[in-house]
Amino acid sequence: MTEFKPRVFSGVQPTGNLHLGNYLGAIVNFVALQKTHECVYCVVDMHAITVWQDPAELTGNIREVTAAFLAAGVDPKAHIVFNQSQVSVHAELAWVFNCVARMGWLSRMTQFKEKAGKDRENASVGLFAYPNLMAADILAYLATHVPVGDDQKQHLELARDIAIKFNNDFSESIVANGFGDAFFPVTEPLITGPATRVMSLRDGTKKMSKSDPSDYSRIALADDADGIAQKIRKAKTDPEPLPSEPGGLKGRPEADNLVGIYAALSGRPKESVLAEFGGSQFSVFKPALAELAVEKLSPIANEMRRLIADPAYIDSVLVDGADRARVIADRTMAGVKDVVGFIRRK
Ligand code: AQP
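Residues numbered from 1 in each chain as written. Predicted model: local features only at pLDDT ≥ 70, side-chain atom pairs only at ≥ 80, totals over all residues. Heavy atoms only, no water.

A. Spotlight on the packing of helix α4 (residues 89–98) against helix α14 (residues 311–340). At their nearest, the axes of α4 and α14 sit 10 Å apart, and the two run at 25° to each other. Relative to α14, α4 is oriented roughly parallel. Between α4 and α14 lies a crossing whose hand is left-handed. Facing V89, E92, L93 and V96 of α4, the residues of α14 in contact are A329, D330, M333, V336, K337 and V340. Among the residues forming the contact of α4 with α14, the class breakdown is 7 nonpolar, no polar and 3 charged. (Axes fitted to C-alpha atoms, helices over the stretch in contact; angles between N-to-C directions. Helix = DSSP H or I, 4+ residues; strand = E, 2+ residues; numbered from the N terminus. Parallel < 35°, antiparallel > 145°, perpendicular 65-115°, else oblique. Left-handed = near helix turned anticlockwise from the far one by under 90°. Contact = heavy atoms within 4.5 Å. Nonpolar A, V, L, I, M, F, W, Y, C, P; charged D, E, K, R; others polar.)

B. Spotlight on the site of the ligand. H19, D151, K207, K210 and S211 are the nearest of the 22 residues found near the ligand. Between the ligand and the protein, one listed contact pairs an oxygen atom with a backbone N or O atom of G149 at 2.8 Å. At 2.7 Å from an oxygen atom of the ligand is found a side-chain nitrogen or oxygen belonging to S209. A total of 640 Å² of accessible area belongs to the ligand in isolation, and the protein chains cover 96% of it. Going through the elements one at a time, β1 (7–12) and α1 (20–33) are the ones with two or more residues in the shell around the ligand. Among the elements that make up the shell around the ligand, the one with the highest residue count is α1 (4 residues). (Near = heavy atom within 4 Å. Polar contact = N/O pair within 3.5 Å; in protein donor to acceptor, adjacent residues only side chain to side chain. Areas by Shrake-Rupley, 256 points an atom, 1.4 Å probe, with all protein chains shown as cover.)

C. Seen up close, the side chain of H79. Tracing the backbone shows H79 in the loop between α3 (55–72) and β3 (80–83). When neighbours within four sequence positions are excluded, H79 is seen to be in contact with Q34, H37, E38, C39 and R324.

D. Structural context of the pattern of salt bridges. Within the structure shown, the criterion is met by 20 salt bridges. Here E38 and K5 are joined by a salt bridge, their closest N and O atoms 2.8 Å apart. Taken together, the residues span a long stretch of sequence, with E38 in strand β2 (residues 38–43) and K5 in the segment before β1 at a distance of 33 residues. E38 sits in the partly exposed class, given a relative accessible area of 29%. When its relative accessible area of 52% is taken as the criterion, K5 is described as exposed. (Salt bridge = Lys/Arg side-chain N within 4 Å of Asp/Glu carboxyl O. Buried < 20%, exposed > 50% of the residue type's maximum accessible area, 1.4 Å probe, protein only.)

E. Expanded view of the environment of N302. Relative to the elements of secondary structure, N302 occurs in helix α13 (residues 282–308). What makes N302 partly exposed here is its relative accessible area of 45%. With 231 residues separating them in the primary sequence, N302 and A71 have C-alpha atoms 8.5 Å apart.

F. Layout of unusual backbone geometry. We note that N17 has phi near 55°; this positive angle belongs to a residue other than glycine. Here N17 shows up in the loop between β1 and α1. The exposure class assigned to N17 is partly exposed, which follows from its relative accessible area of 34%. In this structure, L142 takes a positive phi of about 45° despite not being glycine. Relative to the helices and strands, L142 resides in the loop between α7 (125–139) and β4 (145–147). Take L142: its relative accessible area is 23%, and that puts it in the partly exposed class.

G. Geometry of the nonpolar core. In terms of nonpolar packing, the biggest core is built from 62 residues, with L20, Y23, F69, F285 and L297 touching the most fellow members. At 11 residues, α13 tops the list of elements feeding residues into this core. The contact partners of L297, leaving out residues within four places of it in the chain, are L20, Y23, I219, L221, I228 and L265. Counting residues in hydrophobic clusters, the runner-up holds 49 residues, among them V100, F112, Y130 and M333. (Core = buried A, V, L, I, M, F, W, Y, C linked by side-chain atoms within 4.5 Å.)

H. How the structure looks around the state of the cysteines. A full pass over the atoms with the stated rule returns 0 disulfides. Cysteine C42 remains unbridged, with the sulfur of C39 as its closest cysteine sulfur at 13 Å. (Disulfide = S-S within 2.5 Å.)

I. Structural view of the pairing of β3. The alternating pattern of β3 places I80 and F82 on one face and V81 and N83 on the opposite face, and all of these are buried. Bridge count between β2 and β3: 4 bridges; the pairing is parallel. Counted as the bridge partner of V43 is N83 from β3. (Pairing = 2+ DSSP bridges.)

Below, the structure is given as structure tokens:
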């Protein structure tokens, strides 16, 4: 069996309104994995344009996501931080994967169905082919592990299917070109950490998302202390006091979500949070949650503001990261060209 060096890859879209779900579901894990893995973290700007983005806002949002990575504790010197469009292999490899993935596979993607909605005829081709680009993002770095929130599970399964099909379709050529019995690793999703699916503050059955029209549905990473406290105060709840054990949260999605957020931010299990707050009304729990959220998130928001005020520094981090990312991705793409049978300068 071909042995692949352990490497982490993950990305976040610069589509504005970066929120607590992105932080707890993904970025917290990005930071933790730096201790044990070589990591590549990407601001996936080419994914963002699968739906319309105002150009000036997109530029600002790329810097905002980069600032969030750094403010949360990603080290751009020890690891790689860059924006996708600076490394052309992402697009090049995605084309090869457009020819490996099957229409039927992509037609089953629930995110496309949700985002295209009823007006499917008018959705961009890029929105449909999005998971192939995501597979290219990961596999350009031969990444073995991908930390993501729960909503990305289906796309990661597709990336695994693409790797397996490529390895099978080209098996003879892979061996003939000296790559052993597999060219691409079959990537493991890492859907772990304190909160793999943070829900909307307005509706506990919907995930917290950047595109929700209500600002009150999410805590933005850029929110100031007053904004955080106000959103938690206005969060939807039910009239019952909190239960003393997690079993009592069944059928109470909003209560479950707020307790989950408290647990994630405090690094404690839900059991321990409920042992403390069981029997309390939300009038007691919400201020405690607001205080904790401000304590944990305000330093990140402040550091993000400081970094965003220096765009030249952020851009230099991205250029440096892209230069280092390109070395790995170019090597992969050269191998793909040989395996597929393309002619290239050697
Ligand atoms: N609510 C969430 N809970 C936990 N994790 C989440 N993620 C997103 N929402 C939640 C994770 O954050 C990472 C970056 O997400 P993304 O920006 O690349 O894509 P997304 O899933 O489309 O993000 P949004 O915020 O939900 O945007 P819209 O509204 O455009 O759909 C991913 O690892 C994701 O799992």
